[in-house]
Amino acid sequence: MEVKTSLLDNMIGVGDMVLLEPLSEDSFLENLRNRFDHNEIYTYIGSVVISMNPYRSLPIYTPDKVEEYRNRNFYELSPHIYALADEAYRSLRDQDKDQCILITGESGAGKTEASKLVMSYVAAVCGKGQEVNKVKEQLLQSNPVLEAFGNAKTVRNDNSSRFGKYMDIEFDFKGDPLGGVISNYLLEKSRVVKQPRGERNFHVFYQLLSGASDDTLKKLKLNRDLSKYNYLSLDSAAVNGLDDAANFRTVRNAMQIVGFMEDEVQSVLELVAAVLKLGNIEFKPESRCNGTDESRIKDKNDLKEMCELLGIEQSVLERAFSYRTVEAKLEKVSTTLNVAQAYYARDALAKNLYSRLFSWLVTRINESIKAQTKSRHKVMGVLDIYGFEIFEDNSFEQFIINYCNEKLQQIFIELTLREEQEEYVREGIEWTNIEYFNNAIICDLIENHQNGILAMLDEECLRPGTVTDETFLDKLNTICAEHQHFESRLSKNSKFLTDHSLPHNCFRIQHYAGKVLYRVEGFVDKNNDLLYRDLSQAMYKATHSLIKQLFPEGNPGKVNLKRPPTAGFQFKASVGTLMRNLQTKNPNYIRCIKPNDKKASHIFTESLVRHQARYLGLMENVRVRRAGYAFRQTYEPCLERYKMLCKRTWPHWRGPAREGVEVLMADLQVPADEFSYGRSKIFIRNPRTLFFLEERRRQCLQDLASLIQKIYRGWKCRSQFLLLKKSQIVVAAWYRRYAQQKKYQKIKSATTVVQSYTRGWQARKLLRELKYQKRCEEAVTTIAAFWHGTQARRELRRLKEEARRKHAVAVIWAYWQGLKVRREYRKFFRANAGKKIYEFTIQRIMQKYFLGLKSTMPSMSPIDKNWPARPYIFLDGVHTALRRIFHLWRCKKYRSQFTEEKKAVYEEKLEASEIFKDKKALYPSSVSQPFKGDYLEISKNPKYQKLNSAVDEKVLLADVVNKINRANGKGTARIFLLTKKSFVLADQKTGQVKASVPLPDLTSVSVSTQSDGFFALRLKEGSASAIKGDFLLSSEHLIEIITKIHRIGATAADREQLNIDISDEFLVQFKQDKVCVKFIEGAPKNGNSVSCKRKNNRLLEVSVPTSP
Ligand SMILES: Nc1ncnc2c1ncn2[C@@H]1O[C@H](COP(=O)(O)OP(=O)(O)OP(=O)(O)O)[C@@H](O)[C@H]1O
Ligand SMILES: [Mg+2]
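Criteria and cut-off values
- Residues numbered from 1 in each chain as written.
- Chains lettered and ligands numbered in written order.
- Predicted model: local features only at pLDDT ≥ 70, side-chain atom pairs only at ≥ 80, totals over all residues.
- Heavy atoms only, no water.
- Helix = DSSP H or I, 4+ residues; strand = E, 2+ residues; numbered from the N terminus.
- Buried < 20%, exposed > 50% of the residue type's maximum accessible area, 1.4 Å probe, protein only.
- Contact = heavy atoms within 4.5 Å.
- Expected span 1.5 Å × (residues − 1).
- Near = heavy atom within 4 Å.
- Polar contact = N/O pair within 3.5 Å; in protein donor to acceptor, adjacent residues only side chain to side chain.
- Nonpolar A, V, L, I, M, F, W, Y, C, P; charged D, E, K, R; others polar.
- Core = buried A, V, L, I, M, F, W, Y, C linked by side-chain atoms within 4.5 Å.
- Phe/Tyr/Trp six-rings, centres within 6.5 Å; stacked < 30°, edge-to-face > 60°.
- Lys NZ or Arg CZ within 6 Å of the ring centre and 35° of its normal.
- 1 Å grid on protein atoms, 1.4 Å probe; cavity = no way out; pocket = protein on both sides within 12 Å on 5 of 7 lines; lining within 4 Å.
- Points joined across faces, edges and corners; volume = space filled by probe spheres on them.

## Section: the side chain of Arg697
Along the chain, the position of Arg697 falls in helix H26 (residues 687-855). For Arg697, a relative accessible area of 18% gives the class buried. Excluding anything up to four places from it in sequence, Arg697 contacts Arg641, Tyr642, Met644 and Leu645.

Here it is as structure tokens:
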């Protein structure tokens, strides 16, 4: 990259007009055009920057450019707005001087863009950090918000600022931004209700309608169609290169960054929507009987929706649009409004609402961006105020705007031209005066307290009686007639009587920037800026908190009958404050120039530029610069800054500062015509000289820095060396100690080794001796032991021999004695021994018998027939008795396990055995059959339920039996029931009782001896049951039936014992006849079953098969 070191490098035309040769207006314009054609839009006049609007984006605002201009001297690089911003920022940061950047120029010249460039440059070069970045971001993002609400498309500028803005950016001592304060000046509120042809209302209305979501619009009760709103001009609704929808998103985002709460944003949008709705309210006339005209709202829908949005009662607002209440001290008078007045009231409300909303926005932004710390701040003010305006139709607003521009021009003149010249005179510098136009006279025409136009307007507004715009003009015509810059057709100045370019209802002022014709219509109204009290009170009654806040005067508790200050008065006061503020700061000028009226790039309309250059006084500016000195500074700071350039002044100069500077300049051999000594300041003619000084200073500073560095490095190295040396001694001491310690430990361990070897050798020697001694002792002991052993064994052998001999003697003696005794007692032995041997033998046999019996015992079952065989005949009796005893014992054991029921069954069985055993052949087969009793399960079987209930007693036996028919000997099946008291015969199928016989009526039972089941139940003669005769029955369970009947008879005390007759022939009484039943053993004809046949009237023959 090419590195520039001077403004003069690769210059197109001249970068600084001061260097222009020859200097004339033409060459001035030619230079501007030349540079403009080469995209050089910035040119200097000394430290003032002229900026030409390129009307297209140039690649000169990149981050690289920012870096290029950062910390560089003003004249070092080609002219740029960044150079000015850098200069201002550095003198603020390094020299602690508050700065202000004054951007002037007419509408569309690029003031707002320039102010944004300055702010973005400062933001880029100042400190960084999370907090600082947030502050920067908030400061930068306040612009889109204010532009949306305060800018509009005009014929001159698609993004024209319709308010004045002055922003103070506050920095701390390091140059980091802390926050800011924005002041706003007079919003052009008339635009809200009416826009000139080809112009638009404020951007925010279009942005909201095209950018908001359907949902938001629905909430705000708005329609996307612009044509639905009376306050929006339609012929220029779409602006080339302006994306309202995208801008709406940018604005919402910016509001969020600045710190607006979501509900605040919503409230703001509701107010914007309310203004649109307000414009749609229309009135119609209605005549009253007293002849006056009254107004009525045509369609109340918009009014209703607006009231809903703002939370106002519809009737209250409706009344405020129909009546006007005038309060005077103690009186209140209500008058009706006609249609025109109603429209006036509506528009006044819309304008007030919007302008107050705008002021609220500025206050709210200020709240967010205000510096948090209370420490002293350095301030950089950026002024971007509406440019000078000349429209076809100029009204009060243009008058005010142009007045403000006059004031700014004044301050420019004050500070650059007059101040500069006056300073030369004051400082006693030789100087030829330069003529320039001082617009103080115009300012005076407007703002003079007694007869200034604003004062007269105020006077007219406050005057009792009929006041109109015309009376105001009349007043001007009388008072300002003689003023050189005031022109009016009806003034006493006859000069204009025939001037047809001057209509009757207008006056013209020759501003510094040109003549402007003002139409007086609306001046009085706009200056009064009156809002009917009824309306402000209606607004105060709203439940919408923001709207209530905007109309505090509507509070009925604080009715102020004093007139509020007029718009003109307020504006004059705020401009006055601004001017005073600017005068305390170091000014930096950016003078914006508009190259053409078409908003087009590459077009340079010379006449237009010439006009601007003239009224901006640029030529005078160059002249003063050229004649004067580029730089001045009081002696003290100058000496302080450059004293290092001369040995005599460095490091201290003891004498007066001026002399020090003189010595310095002489020493530096600066040519005498390059500077002059003033009374308190030195004046340097050329920037080059200053650069030379600065360069020398920079080099010197470098040398000084090197010197400081050198000394510092020397000091640092020396102290490091000393430290090293000290450390080395310590390290060496420690090392020596360590080495000695090591050596000592080595010797010590060697000694220990030698010592241990010696001791080991001695010990081993001793051990050897001791071992030898021990071996000797052991050998002696062994030899002694062997010797004693031999001796002992020899003695033992001798003793053993001796004992053997003694034993043999004793045995021989014993045998001898025995022989002697046996010979003597043989005759007594046989008489006693036989019996004893016998008893012993018997005892042994019995013992063996019992032990054997124990192991061969049979099982515990009573039916087990096994019993061990008898071993000896003589034990026969005992053996049999033992068998019986054992059998009885195990039967007892067996019985002891019986339950009561089982016991009863066995008792029955026992009884059966007593009755039938060995008497009837059927008996053995019945032994194994259990006596079940109830074979029919009579109580459970539902079939026999009736039968069961017919019998009172508990049924002991229930079975099916055959009743033998006497006529043919055939059997019929009958149910046989036995209870304790009776037996019953019933039909097997129906369960019907055929016969019920009480047991006392039964005398005997007859059965055969054979294996048949026939039995005859014989009844007591003469008893009731005996009428039908005896029963001859047959049953498989004969034994059980007879046993049970017998048992009942045995247990009943009141009855005789039942007879059981067992014989193969017995008589049965059937009614009157007695029939003999005879049993014959032998094979019956029909196989194996029993058959019964009637032989004759008195004989029934029963054939029973032979029992096996
Ligand atoms: N440096 C620039 N580079 C590119 N375009 C520019 C530059 N300066 C101005 N413009 C263009 O000119 C237009 C008008 O500029 P700007 O809004 O800054 O004018 P202004 O002086 O503030 O006017 P007003 O007094 O009406 O507010 C901008 O919208 C932009 O398109
Ligand atoms: Mg602007």
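Now that the structure has been shown, the text picks up again.
## A word on helix H31 (residues 1038-1051)
An ideal rise of 1.5 Å per residue puts 20 Å on 14 residues; H31 measures up with 20 Å between its terminal C-alpha atoms. Of all 14 residues making up H31, eleven are buried, and the element is well covered by its neighbours.

## Notes on the site of ligand 1
Neighbouring ligand 1 are 18 residues, the closest being Ser107, Lys111, Thr112, Ser160 and Ser161. Between an oxygen atom of ligand 1 and a side-chain N or O atom of Thr112, the distance comes to 2.6 Å. Within the residue set of the shell around ligand 1, elements represented by two or more residues are helix H4 (111-125) and strand S5 (160-161). When residues in the shell around ligand 1 are grouped by element, the largest group, three residues, is from H4. A class-by-class count of the residues in the shell around ligand 1 yields four nonpolar, ten polar and four charged.

## Some thoughts on the nonpolar core
The nonpolar side chains of soluble globular proteins are, as a tendency, buried together. Phe28, Phe149, Phe205, Leu317, Phe321, Ile453 and Phe507 are the most contacted members of the largest nonpolar core, which totals 183 residues. Counting residues per element, this core draws most heavily on helix H13 (residues 339-369), which supplies 15 residues. Not counting residues within four places of it along the chain, the set of residues in contact with Phe28 comprises Met17, Leu20, Ile45, Ile50, Ala613, Leu618, Met619 and Val622. Within the second largest apolar cluster, 31 residues are counted, among which are Phe931, Leu1019, Leu1038 and Ile1042.

## Points about the packing of aromatic side chains
If you walk through the whole model with that rule in mind, you get 37 aromatic pairs. An angle of 40° between the planes, with centres 5.9 Å apart, marks the rings of Phe886 and Trp889 as tilted. Here Phe886 and its partner Trp889 are both found in helix H27 (residues 876-895), three residues apart, which amounts to about one turn of the helix. Its relative accessible area of 8% is what places Phe886 among the buried residues. A relative accessible area of 43% places Trp889 in the partly exposed class. By way of ring pairs, the aromatic residues Phe396, Phe399, Phe472, Phe486, Phe507, Tyr518 and Phe523 are connected into one cluster. For Arg319, the ring lying beneath its charged end belongs to Tyr323, and the centroid distance is 4.4 Å. For Arg364, the ring lying beneath its charged end belongs to Phe260, and the centroid distance is 5.1 Å.

## Focus on empty space enclosed by the protein
The probe, sized like a water molecule, is rolled over the atoms to show the empty space still left. One pass over the structure, following the stated rule, counts six cavities of 30 Å³ or more. As a volume, the largest cavity reaches approximately 70 Å³. Lining the largest cavity, in full, are Met119, Val122, Ala123, Cys126, Lys136, Leu139, Leu140, Ile169, Phe171 and Pro177. When residues of the lining of the largest cavity are traced back to their parent elements, those giving at least two are H4, helix H5 (130-150) and strand S6 (164-171). Taken together, the residues of the lining of the largest cavity break down into nine nonpolar, no polar and one charged.

Nothing here speaks to function; it is all geometry.
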